[in-house]
Amino acid sequence: AELGSDITFFLSRGTAYCTGRGEILTPIDPPLPAGTKLVICKPNVGLSTPTVFKSLNYDLLSTKDPEELLNDFTTSDGIESVDPASFLNDLEPPAFSNLPELQALKEELQQVDGLGPVMMSGSGTSIFCIGHPADREAFDETFGKREELQVFFCEFINRPSDDVWYERPE
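Residues numbered from 1 in each chain as written. Predicted model: local features only at pLDDT ≥ 70, side-chain atom pairs only at ≥ 80, totals over all residues. Heavy atoms only, no water.

1. So, the pattern of salt bridges
Then, in step 1: A complete count under the given rule lists five salt bridges for this structure.
Then, in step 2: Salt-bridge contacts for Glu155 lead to Lys37; the nearest nitrogen and oxygen are separated by 2.9 Å. With Glu155 in strand β6 (residues 149-155) and Lys37 in strand β3 (residues 37-43), the pair connects residues that are 118 residues apart, well separated along the chain.
Then, in step 3: The class of Lys37 is partly exposed, set by a relative accessible area of 36%.
Then, in step 4: Notably, a salt bridge pairs Lys106 with Glu92, separated by 2.7 Å at the nearest N-O pair. Placement of the pair is Lys106 in helix α5 (residues 100-109) and Glu92 in helix α4 (residues 92-98), with a sequence separation of 14 residues. You'll find Lys106 and Glu92 in the same group, each marked buried. (Salt bridge = Lys/Arg side-chain N within 4 Å of Asp/Glu carboxyl O. Helix = DSSP H or I, 4+ residues; strand = E, 2+ residues; numbered from the N terminus. Buried < 20%, exposed > 50% of the residue type's maximum accessible area, 1.4 Å probe, protein only.)

Here's what the structure looks like:
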């Protein structure tokens, strides 16, 4: 197996704006405060990045300036004030065309009270939701018991920018 070109993100010091294929990192202040709730729903089915990119219709890519999108997140007064049109992932349409059940999952999650923006992460297949369901018991009944789905309840953490997460042994 080979490492993806975005591996540098996982070796970075924290929140970053990634360009190129994900290998060019610009450190930024975290756009969400520590403690912001998040749900990650990961279907057990996989989808290869090359398959998604082969299905990508470049004529349908967003025309929004990535720097303006970033500015929308970093200058907002909280996630609730970010323009909903700023939550976009150009890889969703090709991923959804390859796995229609992924689009159905996203649409189902968008109906859950308590969840804010719902998006696919990268080229898939994880779907993340900002917030936590208002009715956790009903959510667990609907999503948590599905054998084909893993559900993770998380929250954002932010480390100080001067924090070193790894030091090479001497």
